[in-house]
Amino acid sequence: MEGKVAFITGAARGQGRSHAIRLAQEGADIIALDLCDDVGNVPRYYPGATEEDLAETVAEVEKLDRRIVATKADVRDFAATKEALERGLAEFGHVDVVSANAGIFEFGDKTHEVSEQDWDDVQDVNLKGVWLTCKAVIPHLIEQGTGGSIILTSSTAGIKGTPNVASYTASKHGVVGLMRTLALELAPYAIRVNTVHPTGVATNMILNESAFKLFLPDVEHPTQEQAAPVFTTTNALEVPWVEPIDISNAVLFLASDEARYVTGTELKVDAGYTLK
């Protein structure tokens, strides 16, 4: 990744921070953005990232002697996303890799009971936000004429159905359709587009009581220790969830020249979840 610049959304914590650090370890400079706030009803499941979280990502990247331009911005806002990207371009002059990672998770309601607000919030962040991220960066990648790699974060829920997780599942399936279309449109410019599909990842999005209760509905206040054996049954490999670094290593491969002919691919890092 020496000499390359990566644009990463949802970079304040979790997978986004991990991606920023992992790419920086291999020599990349980083353009980062994050909302650093709550979205709709998501706080009933887990709190949003904060500006302090984003500052920690900046500090971790700078410890690696790499440069980073970080902006508080909302991927649902095209002008703000474009401005965050252009701040980075003003510093670095180019962009080579895109990790459209920002996303939210709402769950627990049967499909016909999901509120319109919850449905719209999830689609707007997880699908429209990914599209707007691509919309902002693709003209620069084409104009540069040096190719590039766009990695969209989907999910195992983008491959198979998940009861009581309708809005999230629909959004992550939509990301796959977007990826397949972009891979065809951008191939003439040597711009590769792929998705990554994690199983549960050990971040705030999964490691919270609400998510544990999805699997242990009869337990009043389920703990991580109680939930781990049940989560393990969903994967083929005997692990309850994977770590952010496992996804970051997949992102690094897709971002690198070692994946120079990999495009239109759904890369699963799912411990065998989609086989069951």
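Residues numbered from 1 in each chain as written. Predicted model: local features only at pLDDT ≥ 70, side-chain atom pairs only at ≥ 80, totals over all residues. Heavy atoms only, no water.

If you look the protein chain up in an unreviewed UniProt entry, it shows as Putative carveol dehydrogenase from Gordonia rhizosphera NBRC 16068. Listed in UniProt under the heading Sequence similarities (unreviewed entry), the comment for the protein chain reads: "Belongs to the short-chain dehydrogenases/reductases (SDR) family." (UniProt positions renumbered as here; feature names shortened; annotations may be inferred.)

Visitor: Sorry if this is basic, but what is going on with the nonpolar core here?
Guide: One broad rule of soluble globular proteins: the nonpolar side chains tend to lie buried together. Ranked by size, the top nonpolar core spans 54 residues in total, and within it Phe 7, Val 137, Ile 150, Leu 152 and Val 193 carry the most contacts. Ignoring anything within four residues of it in the chain, the contact list for Val 193 reads Ile 150, Leu 152, Met 179, Leu 182, Ala 183, Leu 186, Thr 263, Gly 264 and Thr 265. Counting 26 residues, the second largest nonpolar core, distinct from the first, contains Met 1, Val 58, Ala 255 and Ala 271. (Core = buried A, V, L, I, M, F, W, Y, C linked by side-chain atoms within 4.5 Å. Buried < 20%, exposed > 50% of the residue type's maximum accessible area, 1.4 Å probe, protein only. Contact = heavy atoms within 4.5 Å.)

Visitor: Where do I start with empty space enclosed by the protein in this structure?
Guide: Any space left empty among the atoms is revealed by the rolling of a water-sized probe across them. Counting across every chain of the model gives one cavity of 30 Å³ or more. Its volume calculated, the largest cavity comes out at about 70 Å³. Arg 44, Tyr 45, Glu 106, Phe 107, Gly 108, Asp 109, Val 114, Asp 118, Asn 164, Val 165, Ala 166 and Ser 167 together form the lining of the largest cavity. For the lining of the largest cavity, the per-class residue count stands at five nonpolar, three polar and four charged. (1 Å grid on protein atoms, 1.4 Å probe; cavity = no way out; pocket = protein on both sides within 12 Å on 5 of 7 lines; lining within 4 Å. Points joined across faces, edges and corners; volume = space filled by probe spheres on them. Nonpolar A, V, L, I, M, F, W, Y, C, P; charged D, E, K, R; others polar.)

Visitor: What is the right way to look at the side chain of Thr 71 in this model?
Guide: Take Thr 71: it is sitting in strand β3 (residues 68–72). Residue Thr 71 is classed as buried on the basis of its relative accessible area of 12%. Contacts of Thr 71, omitting those with residues within four sequence positions, involve Ala 32, Leu 33, Asp 34, Leu 54, Ala 84 and Arg 87. (Helix = DSSP H or I, 4+ residues; strand = E, 2+ residues; numbered from the N terminus.)

Visitor: Hey, could you run me through the packing of aromatic side chains in this one?
Guide: Within a pair of aromatic rings, the relevant descriptors are the distance that separates the centres and the angle that separates the planes. As enumerated under the stated definition, the model contains seven aromatic pairs in all. Pairing Phe 212 with Phe 231 gives two aromatic rings, centres 6.2 Å apart and planes at 85°, and the pair type is edge-to-face. Placement of the pair is Phe 212 in helix α6 (residues 209–215) and Phe 231 in helix α7 (residues 224–232), with a sequence separation of 19 residues. The pair Phe 212 / Phe 231 is uniform in exposure class, with both members buried. Through a chain of ring-to-ring contacts, three or more aromatic side chains come together here, namely Tyr 45, Phe 105, Phe 107 and Tyr 168. Between Lys 160 and the ring centre of Tyr 273, over which it is positioned, the NZ or CZ distance is 4.7 Å. (Phe/Tyr/Trp six-rings, centres within 6.5 Å; stacked < 30°, edge-to-face > 60°. Lys NZ or Arg CZ within 6 Å of the ring centre and 35° of its normal.)

Visitor: What is the right way to read unusual backbone geometry from this model?
Guide: Of all residues except glycine, most have a negative phi; of all peptide bonds, most are trans. You will see that Cys 36, though not glycine, has its phi angle at about 55°, which is positive. Note on placement: Cys 36 falls in the loop between β2 (29–34) and α2 (51–63). Judged by its relative accessible area of 8%, Cys 36 is buried. For Asp 65, which is not glycine, the phi torsion reads 65° and is therefore positive. Checked against the element boundaries, Asp 65 lands in the loop between α2 and β3. On the basis of relative accessibility, which here comes to 65%, the residue Asp 65 falls in the exposed class.

Visitor: Any chance you could explain α2 here in plain terms?
Guide: The periodicity of an α-helix, 3.6 residues per turn, causes residues three or four positions apart to be oriented the same way. With 13 residues, α2 extends 18 Å from end C-alpha to end C-alpha; this agrees with the ideal 18 Å at 1.5 Å per step. Taken residue by residue, α2 has Leu 54, Thr 57, Val 58 and Val 61 as its buried positions. Angular distribution of buried residues about the axis of α2 spans 100°; they occupy a single face of the element. For α2, exposure combined with an orientation more than 90 degrees from the buried face picks out Glu 52 and Lys 63. Where the residues of α2 are buried, they touch α1 (14–25), β2 and β3. At the C-terminal side of α2, Asp 65 shows a positive phi close to 65°. (Expected span 1.5 Å × (residues − 1). Arc of directions from axis to C-beta.)

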